[in-house]
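Each chain, written out:
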Amino acid sequence: MDITLKSTLPGHQNPIFCVEKGYHPHTFFTAGNDKGVVEWDIENNAFKRILCAVSSSVYALRMIAGTPILAIALREGKLLFVHVEEQKLVASIQLSAKAIFSLVHMPWKNELLAAGEEGTLYVVNLETYKNIYEKRISPTTIRAIAIDEGLGRIALADKDGQVYLLDSADFHMITNSKLHSMPATSLAFIDNKLLSGGRDAQLVISDPNQLTSNFSFVPHLFTVYGIYPHPKAPIFTTVSRDKSLKFWSADDFALLKNMSREKMQDGHHLSVNAGVWSEDGKYFFSVSDDKLVKVWECHL
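Quick summary incoming for the structure in this document. (Residues numbered from 1 in each chain as written. Predicted model: local features only at pLDDT ≥ 70, side-chain atom pairs only at ≥ 80, totals over all residues. Heavy atoms only, no water.)

Remarks on a nonpolar patch on the surface
Residues Met 1, Leu 256 and Leu 300 make up a contiguous nonpolar surface patch of about 280 Å² in total accessible area. Tracing the sequence through the fold places Leu 300 in the segment after β28 (293-299). A relative accessible area of 66% means that Leu 300 is categorised as exposed. (Patch = residues over 30% accessible without salt bridge, like charges linked within 9 Å, V, L, I, M, F, W, Y side chains within 5 Å. Areas by Shrake-Rupley, 256 points an atom, 1.4 Å probe, with all protein chains shown as cover. Salt bridge = Lys/Arg side-chain N within 4 Å of Asp/Glu carboxyl O. Helix = DSSP H or I, 4+ residues; strand = E, 2+ residues; numbered from the N terminus. Buried < 20%, exposed > 50% of the residue type's maximum accessible area, 1.4 Å probe, protein only.)

Here it is in structure tokens:
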């Protein structure tokens with residue numbers, strides 16, 4: 001595997017907190033502490049447009065698969081749904097009084113999961129755009145959600161380092177466990193394993209049925225902000241507050257590539273806050289406190 005930097009895209013005026021693949025294969029979206037959600041064009045390596053204005057910081061973006069609808073989670077606890085082709089607001093829901101930090105689409109149920117500062121899981125019906133169910137999961141902030149349709153599992157990670165496991169059919173709590181000594185900040189299901197990252201700089205690999213930890217290692221110097229499985233190949237990416245993003249083998253957790261400023265001059269020079277793979281797995285997009293978007297090309 002080889003990773004090369006295809007482009008660095010300036011334009012944001014403030015730190016960028018989230019990135020999501022676009023409705024079209026050659027586009028993607030970013031947002032953060034600016035006043036709008038930005039759409040980019042990979043083919044032209046350029047800014048495309050400001051999709052919409054927002055009233056507060058954006059902490060999560062999620063394309064609803066198979067539709068032109070983008071869900072946008074705001075610091076003020078609001079959830080927006082924007083039709084990206086018609087560039088219009090379809091729905092707006094005030095889910096919470098506090099920030100929403102994570103969004104996950106469950107296509108098999110046509111539902112969107114949201115969670116954030118209040119420690120509550122919200123379930124939104126994507127036909128009606130109504131909040132149809134909510135459940136208090138944690139006494140503190142939930143930073144991440146991950147799902148696995150095959151396992152029928154939902155995982156949530158909180159500020160106390162706890163990871164919670166729910167049944168996706170009826171949202172009952174299966175188990176929970178303190179997997180991190182500091183806040184748990186990222187989650188992903190990969191090959192029937194649950195991976196969690198935290199502010200303790202640990203990556204913990206657990207049994208997704210009972211949250212027993214098989215092993216853990218230190219992938220970064222500081223907080224692991226995101227874990228992103230490749231859509232096709234047995235590799236995944238982690239991003240961190242230590243300014244680096246790293247590519248790993250999902251088979252044996254061997255480090256494949258370290259894209260840090262120490263290794264390459266064109267790396268991010270502040271915290272890497274989020275990333276996402278393009279649908280075909282050809283590109284990985286990363287965003288940072290340095291206000292820059294980077295497009296990495298993956299050659300398998």
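A short note on the pairing of strand β25 (residues 255-259)
The sheet contact formed by strand β24 (residues 245-249) and β25 spans 4 bridges and is antiparallel. In the strand pairing of β25, Leu 245 is matched with Met 259. Counting the residues that bridge the hairpin from β24 to β25 gives 5 residues, and of these Phe 253 lies at a positive phi of roughly 60°. (Pairing = 2+ DSSP bridges.)

Focus: the state of the cysteines
By the definition in use, this model includes 0 disulfides. For the unlinked cysteine Cys 18, the closest cysteine sulfur is that of Cys 52, found at 11 Å. The buried category is assigned to Cys 18, whose relative accessible area is 5%. (Disulfide = S-S within 2.5 Å.)

Topic: the pattern of salt bridges
Within the structure shown, the criterion is met by 8 salt bridges. Glu 39 is paired through a salt bridge with Lys 48; the nearest N and O atoms lie 3.7 Å apart. Across the pair Lys 282 and Glu 297 runs a salt bridge whose closest N-O atoms are separated by 4.0 Å. Of this pair, Lys 282 sits in the loop between β26 (272-277) and β27 (283-288) while Glu 297 is found in strand β28, placing the two residues 15 residues apart along the sequence. One network of salt bridges, in which partners are shared, links Glu 39, Lys 48 and Arg 49.

Notes on the environment of Val 104
When you line up the elements, Val 104 lands in strand β10 (residues 100-106). Taking the C-alpha atoms as reference, Val 104 lies 28 Å from Ala 254; in sequence the two are 150 residues apart. Every residue in contact with Val 104, bar those within four places of it in the chain, is listed here: Arg 62, Glu 111, Leu 112, Leu 113, Ile 145, Ala 146 and Ile 147. (Contact = heavy atoms within 4.5 Å.)

Some words on the nonpolar core
The biggest cluster of nonpolar side chains holds 28 residues, and the ones touching the most others in it are Phe 28, Phe 284 and Phe 285. Of all elements in the fold, only β1 (2-9), β2 (16-21), β4 (36-41), β23 (235-240), β24, β26, β27 and β28 reach the threshold of two or more residues within this core. One finds Ile 64, Ala 73, Ile 93 and Tyr 129 within the second-largest nonpolar core, a separate group that totals 18 residues. (Core = buried A, V, L, I, M, F, W, Y, C linked by side-chain atoms within 4.5 Å.)

Considering the sheet that holds β25
Strands sit in the order β22-β23-β24-β25 across an open sheet of 4 strands; the sheet is antiparallel. Each edge of the open sheet carries a strand with a single partner, namely β22 (224-229) and β25. For this sheet, the mean angle separating the axes of adjacent strands, direction not counted, is 15°. Strand direction decides the pairing type here: β23 and β24, joined by 5 bridges, are antiparallel. Counted as the bridge partner of Phe 236 is Trp 248 from β24. (Axes fitted to C-alpha atoms, helices over the stretch in contact; angles between N-to-C directions.)

Some thoughts on the sheet that holds β2
Taken in spatial order, the 4 strands make up an open sheet running β2-β3-β4-β5, and their pairing is antiparallel. The open sheet has two edge strands, β2 and β5 (46-53), and neither has a second partner. The sheet shows a mean angle of 25° between the axes of neighbouring strands, taken without regard to direction. Two strands pair when backbone bridges link them, and β4 and β5 are joined in this way by 6 bridges, in the antiparallel orientation. By the bridge assignment, Asp 41 is partnered in β5 with Ala 46.

Some thoughts on the environment of Thr 27
Examined against the element boundaries, Thr 27 turns out to sit in strand β3 (residues 27-32). Apart from residues no more than four positions distant in its own chain, Thr 27 is found in contact with Lys 21, Gly 22, Glu 39, Trp 40, Ile 42 and Lys 48. Separated by 3.0 Å, the side chain of Thr 27 and the backbone oxygen of His 24 make a polar contact. (Polar contact = N/O pair within 3.5 Å; in protein donor to acceptor, adjacent residues only side chain to side chain.)

Observations regarding the side chain of Ser 288
The residue Ser 288 is located in strand β27 in this model. Relative accessible area serves as the criterion here: at 0%, Ser 288 is assigned to the buried category. In this structure the side chain of Ser 288 is engaged in a polar contact, spanning 3.2 Å, whose partner is the backbone oxygen of Leu 270. Not counting the four nearest positions on each side in its chain, Ser 288 is found in contact with Pro 15, Ile 16, His 268, Leu 270, Ser 271, Val 272 and Asn 273.

Some remarks on the packing of aromatic side chains
The way to describe two aromatic rings as a pair is by their centre distance and the angle between their planes. Inspection of the entire model under this criterion finds 17 aromatic pairs. Their ring planes at 20° and their centres at 6.5 Å tell us that Phe 28 and Trp 40 sit as a pair that is stacked. Of this pair, Phe 28 sits in strand β3 while Trp 40 sits in strand β4; the two residues are 12 residues apart in sequence, bridging distant segments of the chain. You'll find Phe 28 and Trp 40 in the same group, each marked buried. Look at Tyr 59 and Phe 101: their rings are 4.9 Å apart centre to centre, the planes differ by 40°, and that puts the pair in the tilted class. Pair noted here: Tyr 59 is in strand β6 (residues 58-63) and Phe 101 is in strand β10, with a separation of 42 residues, a long-range link. Put simply, the rings of Phe 28, Trp 40, Phe 47, Tyr 283 and Phe 285 touch in pairs and so form one group of aromatic residues. The residue whose ring lies beneath Arg 143 is Phe 101, and the NZ or CZ to ring-centre distance is 3.9 Å. Directly above the aromatic system of Phe 222 lies the positively charged group of Arg 241, at a separation of 4.7 Å from the ring centroid. (Phe/Tyr/Trp six-rings, centres within 6.5 Å; stacked < 30°, edge-to-face > 60°. Lys NZ or Arg CZ within 6 Å of the ring centre and 35° of its normal.)

Taken by themselves, the reported measurements are silent on function.
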